[in-house]
Amino acid sequence: MTSIQFILLVLVAAVAGMGSVLDECQFHRPLVACTLVGLVLGDMTTGIILGGTLEMLALGWMNVGAAMAPDAALASVISAILVIVGHQSIGAGIAIAVPLAAAGQVLTIFVRTITVFFQHLADKFALQGSAFGIEMCHIGGLLLQGIRVAVPAALVAAIAGTDTVNAMLAAIPEVITRGLQVSGGFIVVVGYAMVINMMNAKALMPFFFLGFLIAVFTNVNLIGFGAIGLICAYFHIKGLQRDLAAQEAAASGAGAGHTGNALDDIDDSDLM
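Residues numbered from 1 in each chain as written. Predicted model: local features only at pLDDT ≥ 70, side-chain atom pairs only at ≥ 80, totals over all residues. Heavy atoms only, no water.

### Overview of the pattern of salt bridges
And then number 1: This structure, assessed with the given rule, holds two salt bridges.
And then number 2: Here R29 ties to E55 by a salt bridge, and the two come within 2.7 Å at their closest N and O atoms. You can see R29 sitting in the loop between helix 1 (3-22) and helix 2 (30-41) and its partner E55 sitting in helix 3 (residues 44-57), a full 26 residues away along the chain. Taken individually, R29 and E55 each receive the classification buried, so the pair is uniform in this respect.
And then number 3: Between D71 and R148 there is a salt bridge; the shortest N-O distance is 2.4 Å. Residue D71 is found in the loop between helix 3 and helix 4 (72-85), and its partner R148 is found in helix 7 (residues 131-159); the two are separated by 77 residues along the sequence.
And then number 4: The class for D71 is buried, based on a relative accessible area of 5%. (Salt bridge = Lys/Arg side-chain N within 4 Å of Asp/Glu carboxyl O. Helix = DSSP H or I, 4+ residues; strand = E, 2+ residues; numbered from the N terminus. Buried < 20%, exposed > 50% of the residue type's maximum accessible area, 1.4 Å probe, protein only.)

Structure (structure tokens):
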């Protein structure tokens, strides 16, 4: 690993750490973080594959109120480094990512506890009317979140690929790595279940079961599933348009005076 790659890797880790609390640009998501790490290390293909796999695990990880979710940023960055630099398998990366996410969760709580100091300091700056001081408090707390991922990533990058690290990873019993991979598969199912439960889209469940049956009894790949999803969405929207047009025509006497587009009248309740 060159010095430029090391610096860029630390920057990517810092951005992922800050993104884990901003929740805006989604740089902390496994698919984005692993892809960026792969881009820096010159193996984007492995980064995308690992990121896509970990994204399925982290699908149900989200912060709800004061409850902290497992840290996808730390798990994604470090597992991608170990897989690419340490020449480990994707399965080993998944097995490593699960405990790393739990460790990152504890580290996130610790850092957020420290940032309480900046909150009280910002209150003092507010009483003084110092907008600059308040901004510095925000930046200080954000930088701590970046350092939270950047420092462990730098330490792992410095020793990844060495004989010592490879020996430690190889010494992990297969029963443990295999068990973590299986448990990761269960996490994927739980993540999907949480998302479907929150959507509460009962009218769309037939499409879900249709996709499940196609996946079980055919060899359609993800591109094919995407095309099938677009076609189903098109006909579903067209059906909603016809239903709304019929309702408006019945209510207003064959639709007299209606000039708007029926699609514009569709809201979230119509999709449920």
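### Here we look at the confidence of the model for the protein chain
And then number 1: For the protein chain, per-residue confidence averages 78 on the pLDDT scale, and 78% of positions sit at 70 or higher.
And then number 2: No element of the protein chain has a lower mean pLDDT than helix 8 (residues 163-170), at 65, and none a higher one than helix 2, at 88. (pLDDT = per-residue confidence, 0-100.)

### Focus: the packing of helix 5 (residues 90-114) against helix 7
And then number 1: Direction vectors running N to C along helix 5 and helix 7 enclose 155 degrees, while the axes themselves pass 10 Å from each other. Classified by the angle between their axes, helix 5 and helix 7 sit roughly antiparallel to one another. The two elements helix 5 and helix 7 cross, and the hand of that crossing is right-handed. For the pair helix 5 and helix 7, the contacting residues are G104, L107, T108, V111, R112 and I114 in the first and L144, Q145 and R148 in the second.
And then number 2: Of the residues contributing to the contact of helix 5 with helix 7, the split by class is four nonpolar, three polar and two charged. (Axes fitted to C-alpha atoms, helices over the stretch in contact; angles between N-to-C directions. Parallel < 35°, antiparallel > 145°, perpendicular 65-115°, else oblique. Left-handed = near helix turned anticlockwise from the far one by under 90°. Contact = heavy atoms within 4.5 Å. Nonpolar A, V, L, I, M, F, W, Y, C, P; charged D, E, K, R; others polar.)

### Considerations on helix 2
And then number 1: Here helix 2 contains 12 residues, and its C-alpha end-to-end distance of 16 Å stays within 8% of the 16 Å for a straight helix at 1.5 Å per residue.
And then number 2: Those residues of helix 2 that fall on the buried side of the exposure criterion are P30, A33, C34, T35, V37, G38, V40 and L41.
And then number 3: Looking at the buried residues of helix 2, the elements they touch are helix 1, helix 3 and helix 4.
And then number 4: Where helix 2 ends, the next residue or the one after it, G42, has phi of about 85 degrees, a positive value. (Expected span 1.5 Å × (residues − 1).)

### As for the nonpolar core
It is characteristic of soluble globular proteins that their nonpolar side chains tend to be buried jointly.
And then number 1: With 35 residues, the main nonpolar core has L9, V37, L50, L54, V77 and I81 as its most contacted residues.
And then number 2: Considering every element that reaches this core, the biggest residue donor is helix 4, with 11 residues.
And then number 3: Those residues in contact with V77 that lie beyond four places of it in its chain are A13, A16, A33, V37, V149 and A153. (Core = buried A, V, L, I, M, F, W, Y, C linked by side-chain atoms within 4.5 Å.)

### Some thoughts on the packing of helix 3 against helix 5
Helix-helix packing is described using two parameters, namely the angle between the two axes and the distance between the axes.
And then number 1: For the pair helix 3 and helix 5, interaxial distance at closest approach is 10 Å and the crossing angle is 45 degrees. When the axis of helix 3 is compared with that of helix 5, the two are oblique. In this structure, helix 3 crosses over helix 5, and the sense of that crossing is right-handed. Two secondary-structure elements touch here, helix 3 through T46, I49, L50, T53, L54 and L57 and helix 5 through I90, G93, I94 and A97.
And then number 2: Within the contact of helix 3 with helix 5, the residues separate by chemical class into seven nonpolar, three polar and no charged.

### As for helix 6 (residues 116-128)
Helical geometry: 3.6 residues make up each α-helical turn, so side chains three or four residues apart lie on a common side.
And then number 1: Here helix 6 contains 13 residues, and its C-alpha end-to-end distance of 19 Å stays within 8% of the 18 Å for a straight helix at 1.5 Å per residue.
And then number 2: After helix 6 finishes, the residue G129 shows a positive phi value of roughly 75 degrees.

### Some details on the packing of aromatic side chains
And then number 1: A full pass over the atoms with the stated rule returns three aromatic pairs.
And then number 2: Taking 5.5 Å as the distance between ring centres and 70 degrees as the angle between the ring planes, the aromatic pair formed by F208 and F209 counts as edge-to-face.
And then number 3: A residue is classified by how much of its surface remains accessible, and F208, at 38% relative accessible area, is partly exposed.
And then number 4: Residues Y234 and F235 carry aromatic rings whose centres are separated by 5.4 Å and whose planes lie at 80 degrees to one another, so their mutual orientation is edge-to-face. (Phe/Tyr/Trp six-rings, centres within 6.5 Å; stacked < 30°, edge-to-face > 60°.)

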